[in-house]
Amino acid sequence: MRFTIAIDGPAAAGKGTISRAVSAHYGFAHLDTGLLYRAVGAKMLEGVAPISAAQNLEPDDLEHPKLRAPEIAQAASKVAVISEVRSALVDFQRAFARRAGGAVLDGRDIGTVICPWAEAKLFVTASAEVRAKRRFVELAAKGLADSLDEVLADVKARDERDINRAESPLKPADDAILIDTSDLNIDEAVTKALTSIEALRAKA
Ligand code: CDP
Ligand code: CDP
């Protein structure tokens, strides 16, 4: 049975962690749509025009070893304001969402623009300070961040750009279920997400 789960929210809220756990639980495929924008951002930093990079994106581009680096996150959020970049990535995301075996997509505009028809929509959030701390721990372990302040500034700058852009801004879909993970550990956040999704599956 086709079943689509849309998970949106700001940087480092726990979208990917929840998406991976939910996709493993149901045996659904998972697409981290942020990687598409990060891959276009990485191309821009290499000198390729962003629209052309988005139109010609190849699966290999998603394997770029530095996609998780903060400078690529910033570049991603800059290319993500360009309407033609976003539209070049829509068909791929929608086709993924409609897979027969079920799909989980996480990003910023999945429940609002990419698949407003998704059977389950979650909006995962947490305070900027909590998110920055979590992301700092993660990046520092990989040698990709020097200070918490730097990571907090990165997270805040991206949130600001993502929320205020004209095209597909970050916002919860009207029927999204809100999950604030500020005071939840990973297990608690995953349990909350699965409980919400189970209730929707019972209705589908
Ligand atoms: O995908 P997104 O950027 O929203 O966040 P993530 O990559 O899933 O989570 C960012 C970091 O926070 C990871 O290191 C997670 O392990 C951690 N995390 C956490 O500590 N507690 C949670 N409830 C969720 C995520
Ligand atoms: O993991 P994190 O939440 O830090 O970032 P990400 O999901 O990898 O996304 C990187 C950037 O891509 C975001 O800051 C957004 O500007 C952009 N993005 C977007 O505009 N729409 C999406 N569906 C996914 C990401």
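Parameters at a glance
- Residues numbered from 1 in each chain as written.
- Chains lettered and ligands numbered in written order.
- Predicted model: local features only at pLDDT ≥ 70, side-chain atom pairs only at ≥ 80, totals over all residues.
- Heavy atoms only, no water.
- UniProt positions renumbered as here; feature names shortened; annotations may be inferred.
- Near = heavy atom within 4 Å.
- Polar contact = N/O pair within 3.5 Å; in protein donor to acceptor, adjacent residues only side chain to side chain.
- Areas by Shrake-Rupley, 256 points an atom, 1.4 Å probe, with all protein chains shown as cover.
- 1 Å grid on protein atoms, 1.4 Å probe; cavity = no way out; pocket = protein on both sides within 12 Å on 5 of 7 lines; lining within 4 Å.
- Sits in = over half its atoms within 2 Å of the grid points.
- Helix = DSSP H or I, 4+ residues; strand = E, 2+ residues; numbered from the N terminus.
- Buried < 20%, exposed > 50% of the residue type's maximum accessible area, 1.4 Å probe, protein only.
- Contact = heavy atoms within 4.5 Å.
- Phe/Tyr/Trp six-rings, centres within 6.5 Å; stacked < 30°, edge-to-face > 60°.
- Lys NZ or Arg CZ within 6 Å of the ring centre and 35° of its normal.
- Expected span 1.5 Å × (residues − 1).

Within an unreviewed UniProt entry, the label attached to the chain reads Cytidylate kinase, and the organism entered is Epibacterium ulvae. According to its UniProt record, the chain has this under Sequence similarities (unreviewed entry): "Belongs to the cytidylate kinase family. Type 1 subfamily." Annotation of the chain in UniProt includes, under Subcellular location (unreviewed entry), the sentence "Cytoplasm".

Remarks on the site of ligand 2
Every one of the 18 residues lining ligand 2 counts as a neighbour, but Lys-15, Arg-38, Arg-86, Arg-135 and Asp-162 are closest to it. Taking Arg-135, its side chain carries an N or O atom lying 2.8 Å from an oxygen atom of ligand 2. Within the side chain of Arg-158, an N or O atom sits 2.8 Å from an oxygen atom of ligand 2. Alone, ligand 2 offers 530 Å² of accessible surface; in the complex the protein occludes 97% of this. Placement of ligand 2 is best described as lying within the largest pocket. Secondary structure elements with two or more residues in the shell around ligand 2: helix 2 (34-45), helix 4 (70-79) and helix 8 (148-164).

Structural notes on the UniProt feature "binding site: ATP" (unreviewed entry) in the chain
UniProt annotation of "binding site: ATP" (unreviewed entry) refers to Gly-9, Pro-10, Ala-11, Ala-12, Ala-13, Gly-14, Lys-15, Gly-16 and Thr-17 when read in the numbering used here. Among the annotated residues just listed, those lining the largest pocket are Ala-11, Ala-12, Ala-13, Gly-14, Lys-15, Gly-16 and Thr-17. If you trace the backbone, Ala-11 turns up in the loop between strand 1 (4-8) and helix 1 (15-26). For Ala-11, a relative accessible area of 2% translates into the label buried. Not counting residues up to four positions away in its chain, the partners in contact with Ala-11 are Arg-108, Arg-131, Val-155, Arg-158 and Asp-159.

Observations concerning the packing of aromatic side chains
As enumerated under the stated definition, the model contains two aromatic pairs in all. Between Tyr-26 and Phe-28, the ring centres sit 5.3 Å apart and the planes meet at 25°, which makes this aromatic pair stacked. With respect to burial, Tyr-26 and Phe-28 carry one shared label: buried. Among the aromatic residues, those joined into a ring-pair cluster are Phe-3, Tyr-26 and Phe-28. Above the face of the Trp-117 ring, Arg-98 is positioned so that its terminal group lies 3.9 Å from the ring centre. The residue whose ring lies beneath Arg-99 is Phe-96, and the NZ or CZ to ring-centre distance is 4.2 Å.

Concerning helix 2
Two residues of an α-helix separated by three or four positions point the same way, owing to the 3.6 residues in each turn. Taking 1.5 Å of rise per residue, the 12 residues of helix 2 would be expected to cover 16 Å, and the 16 Å separating its terminal C-alpha atoms lies within 8% of that figure. The complete set of buried residues in helix 2 reads Leu-35, Leu-36, Tyr-37, Arg-38, Ala-39, Val-40, Gly-41 and Ala-42. Residues of helix 2 that are buried sit in contact with strand 2 (29-32), helix 3 (50-55), helix 4, helix 5 (83-97), helix 7 (128-141) and helix 8. After helix 2 finishes, the residue Gly-47 shows a positive phi value of roughly 100°.

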